[in-house]
Amino acid sequence: MQLLDGRITAEEIRKELAEAVQERKRNGKKIPHLAAILVGNDGGSLTYVGAKVKACDQIGFESTLIRYDDSVPEDILLAKVRALNEDKSIDGFIVQLPLPAHIDEMKITQAIDPKKDVDGFHPVNLGNMVLNLPGFLPATPAGILELLKRNHIETEGKNCVIIGRSNIVGTPLSIMLGRNTNPGNCTVTLAHSRTQNLQEICQTADILIAAIGQPDFVTADMVKEGAVIIDVGTTRVDDSSRARGWRLKGDVDFDNVAPKCSYITPVPGGVGPMTIASLMINTLKAMELKGK
Ligand code: GUN
């Protein structure tokens, strides 16, 4: 079994991006500027957004964090999105999800200028992704493809089972891995809460991707010998042995599954850092697309 280490691969990408920033500086060009909107104090979201700002610092991008209280009205948030669309100093921005229940996430997502939508969540970018046209790819699926590519994992002709059909991971990933690209050319099965015979379906997977947010959901008896396992889950579970009282847990029962597989991503340190690296790639791309 080999660990698919997202931290190492993401570090490689950050170095490449840092070099691109230096090159831009030498040529007197603008430095990419990412803004992030964070609503509320959800621990997971705070951690992710903090990591995004830190990655910008490491690469040499500019970053701006905009925070609102949980109770922010939807129209205030919409007005901010529109202001960021118009702000020439901002090249790309994200609104960290999930948002509080009183805010319509789709309405906010659709208000973002697709040219600044570095999360790739806007319908225009998702549509372009489906048709393999230029645009921004959603960060987590793109990060997973980059992880497979940079670790020379063959995908062509493989059976890939994805558990979870979310708009931001499972659904776009099923399209990206099924199309005629490298990585890609998989025979994809998108499994979900209504799937029957999930265990048998998972046992057919050469590549098994879990993205449901249920700790230890994938057990060893669901996994084929030699499979590649990608764990997208990052649930906080209580851990009194840690000073902070919690740790992150993936969707895969790592200890029992790892001995059976050829490659497996750890949690933390697998897909998470790759999601952030993809966002950084998209931010540089946003800048370059402007021809600046
Ligand atoms: N919440 C979970 N993943 C993501 C992501 O990739 N982007 C945003 N904006 N919110 C998320």
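Everything in this summary refers to the structure shown in the same document. Source: prediction; values computed, not measured. (Residues numbered from 1 in each chain as written. Predicted model: local features only at pLDDT ≥ 70, side-chain atom pairs only at ≥ 80, totals over all residues. Heavy atoms only, no water.)

**Focus on the sheet that holds strand β4 (residues 92-95)**
Next, step 1: On the basis of which strands lie adjacent, the open sheet formed by three strands has the order β3-β2-β4 and parallel pairing. Each of the sheet's edge strands pairs with one partner strand only, and the pair in question is β3 (62-68) and β4. Along the sheet, successive strands turn relative to each other by an average axial angle of 15°, direction set aside.
Next, step 2: As paired elements, strand β2 (residues 33-39) and β3 share seven bridges and run parallel to each other. In the sheet register, Ala35 faces β3, and the bridge partner there is Thr64. (Pairing = 2+ DSSP bridges. Helix = DSSP H or I, 4+ residues; strand = E, 2+ residues; numbered from the N terminus. Axes fitted to C-alpha atoms, helices over the stretch in contact; angles between N-to-C directions.)

**Here we look at the pairing of strand β8 (residues 228-231)**
Next, step 1: Residues Val228 and Ile230 point to one face of β8 and Ile229 and Asp231 to the other, with burial holding for every one of them.
Next, step 2: With four bridges connecting them, strand β7 (residues 207-210) and β8 associate as parallel partners. Bridge pairing links Leu208 to Ile229 in β8.
Next, step 3: Across two bridges, β8 lies against strand β11 (residues 263-264) in parallel orientation. Residue pairing for β11: Ile229 is matched across the bridge by Ile264. (Buried < 20%, exposed > 50% of the residue type's maximum accessible area, 1.4 Å probe, protein only.)

**Here's the deal with the packing of aromatic side chains**
Next, step 1: With the rule as written, the count across this model stands at zero aromatic pairs.
Next, step 2: Positioned above the aromatic ring of Trp246, the side-chain terminus of Arg236 is 3.6 Å from the ring centre.
Next, step 3: Of note, Arg244 hangs over the ring of Trp246, and the distance from its end group to the ring centre comes to 4.0 Å. (Phe/Tyr/Trp six-rings, centres within 6.5 Å; stacked < 30°, edge-to-face > 60°. Lys NZ or Arg CZ within 6 Å of the ring centre and 35° of its normal.)

**Digging into the pairing of β7**
Next, step 1: Residues of β7 alternate between two faces, with Ile207 and Ile209 on one and Leu208 and Ala210 on the opposite face, all of them buried.
Next, step 2: The sheet contact formed by strand β5 (residues 159-163) and β7 spans four bridges and is parallel. Considered in β7, the bridge of Val161 is made with Leu208.

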